[in-house]
Amino acid sequence: MTDIRMNEEKHYYADAYLQNLEAQIKEVKPSGKTCWLRFDKTIFYPGGGGQSADTGFLDDLPLLEIKEENGHLWHKAASSIVWKEGQMVTLRLDWPRRYYNMQQHTGQHLLSRVLESFDLKTVSVHLGEDYTMIEVEGPYPNEQRLLQIEQEANKQLRRAIPVVTHEISRSEIKRFPLRKPPGAWQRLRVVEIKDFDYSACGGTHVKQTAEIGYIKWLGTEKIRGHARIKWLIGKKADEYIGASFATMQAVKAELQCEPAQFTERITALKSDLKTFRKAADVYKRSHLRWRAAELYNACKNDKAYIVAGLREEETAYLGDLAKILVKEHEQTAFLFTKDRFCLAAPENSPLDTKEFLDAYRETLGLKGGGPPGFVQGAVSNPDEKLIAGCMKVAMQNEQ
Ligand SMILES: [Zn+2]
């Protein structure tokens, strides 16, 4: 989008800060429940060069889409009112969105220049809604280097360097030390951050760099040997700082200390947690052994096998309890709650757990699996008597 040939008066180039404009409809193309409109002039940027298209209103109706076709800009609107050629319409820009795009785009130019001074050449850029991504080639930058780059970018933008544009013909290109050679074009638009950076660009920009506000490095990903660096620029950086402050306040209240003590406090809490977890684990293991013994003692048959329905809150421990019954009491055990079961058997048990599962899958409504000697899963409508009956048969059959 560096070729600037167009028929409309592109007011977003003449004055990127123009938010409203009276324009006349030159052509109307109905399309279903919508209409494509061409005006004598427009303030809506159609997108390109990585910058997204503007949104806004045509009188009181939202601008649904804007596209460029054969050098003309077409604006899509709902056809709930009748649009006529010659009619005057007020074009209104979604200004906060556009202004962020201007901050972001100018910020990206400035960043690409600063990155280059750190031997990082911009390969591609993505001007996203939430962050700006700049892919670079060169020595992979570590965190310290990126924080230096961030600092340098902010130092440069605070100089409030004027941003100017030049519309030039092909013969004039040698006058400008462009970072990247432009593609096919007739007339070219060069965006200059005065004596600092020159880019062929068809986007919209702020008029001096201090308006970029702030640039914040967010993170880096390594893709095919390139670094993809994520940045927050302008409004997004402000929002991030605001959100970070709110988070900091919330954490301060939770930890009851100043940010400088956060790390120390969290380390102490993690160490406490480790101690408590260890103690809880010891208690849990001793409790489970006691519970397994209780199940063993309560077993009314000849203790050749155990079938027991457990309480709902014991669901998570079915496997642990069954393993203890196998290991410490040498029992074949079928434990269940209202919808889960676990069947475990010692090596010398006459019952094969997998065969049991296959044989009684339907009768007992079992679903699941597991390694030899241990199966678990879901059970529908478990009936203790029925399960005990199946276990008895299985234990005898195998003997
Ligand atoms: Zn640009």
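For clarity, every value in this text was computed on a predicted model and none was experimentally measured.

### Comments concerning the packing of helix α4 (residues 235-255) against helix α5 (residues 262-298)
Relative orientation of the contacting elements α4 and α5 amounts to 50 degrees, with a least axis distance of 11 Å. Taken together, the axes of α4 and α5 are oblique relative to one another. Between α4 and α5 the crossing geometry is left-handed. On α5, the residues that touch M248, V251, K252 and L255 of α4 are F262, R265, I266 and L269. Looking at the contact of α4 with α5, its residues break down into six nonpolar, no polar and two charged.

### A word on the environment of H166
On the secondary structure map, H166 appears in strand β12 (residues 163-169). The spatial distance from the C-alpha of H166 to the C-alpha of E192 is 7.7 Å, given a sequence separation of 26 residues. Apart from residues no more than four positions distant in its own chain, H166 is found in contact with F176, L188, R189, V190 and E192. Within the local environment of H166, its side chain forms a polar contact with the side chain of E192, the two groups lying 2.6 Å apart.

### Here's the deal with the coordination of the zinc ion
A four-donor tetrahedral metal ideally has 109.5 degree angles, and a six-donor octahedral metal ideally has angles of 90 or 180 degrees. With distances of 2.0 to 2.5 Å, the protein atoms coordinating the zinc ion are H105 (NE2), H109 (NE2), C201 (SG) and H205 (NE2). Around the zinc ion, the four donor atoms are arranged such that angles at the metal cover 87 to 130 degrees; this shape is classified as tetrahedral. Expressed as a motif, the donor residue spacing for the zinc ion is H-x3-H-x91-C-x3-H. Placement of both H105 and H109 in helix α2 (residues 95-117) is noted, with a separation of four residues, approximately one turn of the helix. Of the two residues, H105 and H109, neither departs from the other in class, the shared state being buried.

### Topic: the domain arrangement of the protein chain
If you check the domain split of the protein chain, you get domain 1 (9-93), domain 2 (99-247) and domain 3 (285-398). Taken together, the contact between domain 1 and domain 2 spans ten residues of the former and 13 residues of the latter. Taken together, both faces of the contact between domain 1 and domain 2 bury some 1000 Å²; the carbon and sulfur share is 47%. Together, Y13, Y17 and Q51 form the three largest contributors to the area buried by domain 1 at its contact with domain 2, with a combined 58%. Linking domain 1 with domain 2 are zero salt bridges, by the criterion used here. At the junction of domain 1 with domain 2, the criterion picks out six residue pairs in polar contact (both at pLDDT 80 or more).

Conventions used here
- Residues numbered from 1 in each chain as written.
- Predicted model: local features only at pLDDT ≥ 70, side-chain atom pairs only at ≥ 80, totals over all residues.
- Heavy atoms only, no water.
- Axes fitted to C-alpha atoms, helices over the stretch in contact; angles between N-to-C directions.
- Helix = DSSP H or I, 4+ residues; strand = E, 2+ residues; numbered from the N terminus.
- Parallel < 35°, antiparallel > 145°, perpendicular 65-115°, else oblique.
- Left-handed = near helix turned anticlockwise from the far one by under 90°.
- Contact = heavy atoms within 4.5 Å.
- Nonpolar A, V, L, I, M, F, W, Y, C, P; charged D, E, K, R; others polar.
- Polar contact = N/O pair within 3.5 Å; in protein donor to acceptor, adjacent residues only side chain to side chain.
- Donors = N, O, S within 2.8 Å, 3.2 Å for Na, K, Ca; no water.
- Tetrahedral: all angles 85-135°; square planar, octahedral: opposite > 155°, others 65-115°.
- Buried < 20%, exposed > 50% of the residue type's maximum accessible area, 1.4 Å probe, protein only.
- Domains from an automatic or database assignment.
- Buried area = accessible area lost by both parts, 1.4 Å probe.
- Salt bridge = Lys/Arg side-chain N within 4 Å of Asp/Glu carboxyl O.

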